[in-house]
Amino acid sequence: MKFEFKIIHTDNNARVCEMIIGSKRIETPIFLPVATKGCVKLITWQELKEIGYNATITNALILYFKPGLDVIEKFKSIHEFFGFDGVIFTDSGGFQMIRAGFLERIHEDYAVFRSPFDNSRHKITPEFIVEIQKRLKSDIFMPLDICPRYDMNYNRIKEATIRTVKWAKKCKKILDGNVMFGIIQGGVFLDLRKYCTKELLDLDFHGYAIGGLSVGEPKDLMYKVLKFNVKLLPEEKPRYFMGLGSIEDIFKCISLGIDIFDSSFPTRNARHDTVYTSSGKIIINRAKYKYDRRPLDESCSCFTCRNYTRAYLHHLSKVNEFLYKRLLTIHNLYFIKKILDEIKKAIKQNYFEEMLKENLKTKN
Ligand SMILES: [Zn+2]
């Protein structure tokens with residue numbers, strides 16, 4: 001698979017880059033809406049494309065559990081099965097290790113998972129995760145990593161990091177021309193981050209993801225580790241911060257040189273009545289919006305803001321009509337896309353730092 005990554009413009013550490021994967025092109029900084037089970041919750045792939053999203057991340061392990069590879073292999077690729085022709089990243093199951101109910105045990109050369117759908121047991125090797133992704137024919141593969149919980153002690157995180165490196169080597173060996181990003185682990189320990197980064201750089205992945213942060217550690221500590229880790233990465237490769245999606249964090253991470261983000265935060269927030277606006281977050285089921293004739297955001301031109309008032313959305317939330325969750329999801333995803341477009345413009349015209357300072361004043 002053809003893969004190219006080119007820096008188009010920089011403003012201090014922030015950068016706009018072009019990434020070409022096969023015949024597809026994306027511009028970074030980019031936010032990937034999360035489609036863990038095969039869709040971005042409550043929104044169609046066509047709606048996502050209309051908003052302007054041409055990339056997503058789904059989960060190879062979950063799709064292996066259900067619908068199963070036999071179903072997806074009836075189609076040309078995961079793209080045809082989904083009905084989405086954009087760039088599809090496939091995560092590996094490493095993150096599922098810290099979610100309750102998924103992981104049974106980690107061994108030296110494999111992990112045992114329980115399917116969340118029928119509780120069946122599955123022995124998953126790093127090689128098998130690559131095999132799944134080959135059969136899905138996704139655009140960007142991720143290796144099976146071990147994402148340790150934040151509260152584990154140094155020795156356990158060290159062991160997980162060493163194993164992550166060992167597994168990454170196994171995955172890289174059988175890649176057969178596919179594109180894969182290495183996932184850097186190491187918890188909040190700088191020596192482990194340094195070790196893992198160096199080992200993965202030696203393997204020469206197409207890009208690098210920073211994993212194992214934003215998993216419950218204090219924000220100050222997360223930024224300290226992130227800053228340290230980003231500095232160890234080469235300029236000429238894409239940098240992906242996995243699992244971070246508040247607008248404030250996106251701004252801060254872009255200022256440190258991160259190119260790619262994913263998070264279920266904007267869609268989950270929408271399902272819990274919370275929307276982003278230019279003057280900060282609002283919670284639509286609060287009484288003060290009962291008579292409010294304004295759209296969610298007066299400067300937003302998404303489908304929801306063009307057609308519906310806060311009062312109507314407030315009403316739907318009060319009577320628990322699910323339509324409002326869909327309408328709020330459309331708005332939040334549109335809002336994030338618009339911000340990223342504005343950020344790219346600011347970087348290209350060298351006023352990103354001013355924009356960053358201004359944005360940190362609002363409470364999104
Ligand atoms: Zn809107």
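Predicted model only: the values in this text are computed from it and were never measured.

1. A short note on the environment of R99
- Mapped onto the secondary structure, R99 falls in the loop between β6 (87-91) and β7 (103-106).
- For R99, a relative accessible area of 43% corresponds to the partly exposed category.
- C-alpha separation for the pair R99 and R149, spaced 50 residues apart in sequence, amounts to 9.3 Å.

2. Some details on the coordination of the zinc ion
- The protein atoms that coordinate the zinc ion are C300 (SG), C302 (SG), C305 (SG) and H331 (ND1), at distances of 2.1 to 2.3 Å.
- What the four donor atoms of the zinc ion show is an angle range of 100 to 115° at the metal, which sorts the shape as tetrahedral.
- Counting residues between consecutive donors of the zinc ion along the chain gives the motif C-x1-C-x2-C-x25-H. With C305 in helix α11 (residues 303-307) and H331 in helix α13 (residues 323-348), the pair connects residues that are 26 residues apart, well separated along the chain.
- In this structure C305 comes out as buried when scored by relative accessible area, which is 9%.

3. Some points on empty space enclosed by the protein
- Scanning the entire structure with this criterion turns up one cavity of 30 Å³ or more.
- Of the pockets and cavities examined, the largest cavity occupies roughly 40 Å³.
- In terms of lining residues, the largest cavity is bounded by P148, R149, Y150, I157, G187, V188, G212 and V215.
- Grouping the amino acids of the lining of the largest cavity by side-chain chemistry returns five nonpolar, two polar and one charged.

4. Section: the side chain of K237
- Tracing the backbone shows K237 in the loop between α8 (219-231) and β13 (239-241).
- Assessed through its relative accessible area of 16%, K237 is described here as buried.
- Only 2.5 Å separates the side chain of K237 from the side chain of D204, close enough to count as a polar contact.
- Not counting residues up to four positions away in its chain, the partners in contact with K237 are F5, R15, D204, F205, H206, G207, Y208 and D259.

5. Observations concerning the sheet that holds strand β5 (residues 55-59)
- Spatially, the eight strands line up as an open sheet ordered β4-β14-β13-β12-β11-β10-β6-β5, and their pairing is parallel. In this open sheet, the two strands that pair with only one neighbour each are β4 (30-33) and β5.
- Relative to β6, β5 runs parallel, the two being bridged by five bridges. Of the residues in β6, the one forming a bridge with T56 is I88.

6. Quick word on the pattern of salt bridges
- This model, assessed by the stated rule, comprises 32 salt bridges.
- With its nearest N and O atoms 2.9 Å apart, the salt bridge here joins D259 to R15. A residue pair is termed long-range when its members are at least 10 positions apart, and D259 in the loop between α9 (247-256) and β14 (260-263) and R15 in strand β2 (residues 14-21) qualify at 244 residues.
- Using a relative accessible area of 0% as the deciding quantity, one classes D259 as buried.
- A salt bridge links D341 to K337, with the nearest nitrogen and oxygen atoms 2.9 Å apart.

7. Notes on the nonpolar core
- Residues L226, F241, I254 and I343 are the most contacted members of the largest nonpolar core, which totals 78 residues.
- Per element, the largest residue contribution to this core is nine residues, and it comes from α13.
- The residues contacting L226, other than those within four sequence positions of it, are I210, L213, F241, C253, L256 and I258.
- Grouped together as the second largest cluster of nonpolar side chains are 22 residues, M142, A209, Y240 and I260 included.

Parameters at a glance
Residues numbered from 1 in each chain as written. Predicted model: local features only at pLDDT ≥ 70, side-chain atom pairs only at ≥ 80, totals over all residues. Heavy atoms only, no water. Helix = DSSP H or I, 4+ residues; strand = E, 2+ residues; numbered from the N terminus. Buried < 20%, exposed > 50% of the residue type's maximum accessible area, 1.4 Å probe, protein only. Donors = N, O, S within 2.8 Å, 3.2 Å for Na, K, Ca; no water. Tetrahedral: all angles 85-135°; square planar, octahedral: opposite > 155°, others 65-115°. 1 Å grid on protein atoms, 1.4 Å probe; cavity = no way out; pocket = protein on both sides within 12 Å on 5 of 7 lines; lining within 4 Å. Points joined across faces, edges and corners; volume = space filled by probe spheres on them. Nonpolar A, V, L, I, M, F, W, Y, C, P; charged D, E, K, R; others polar. Polar contact = N/O pair within 3.5 Å; in protein donor to acceptor, adjacent residues only side chain to side chain. Contact = heavy atoms within 4.5 Å. Pairing = 2+ DSSP bridges. Salt bridge = Lys/Arg side-chain N within 4 Å of Asp/Glu carboxyl O. Core = buried A, V, L, I, M, F, W, Y, C linked by side-chain atoms within 4.5 Å.

Such coordinate-based values are descriptive only and should not be taken to indicate function.
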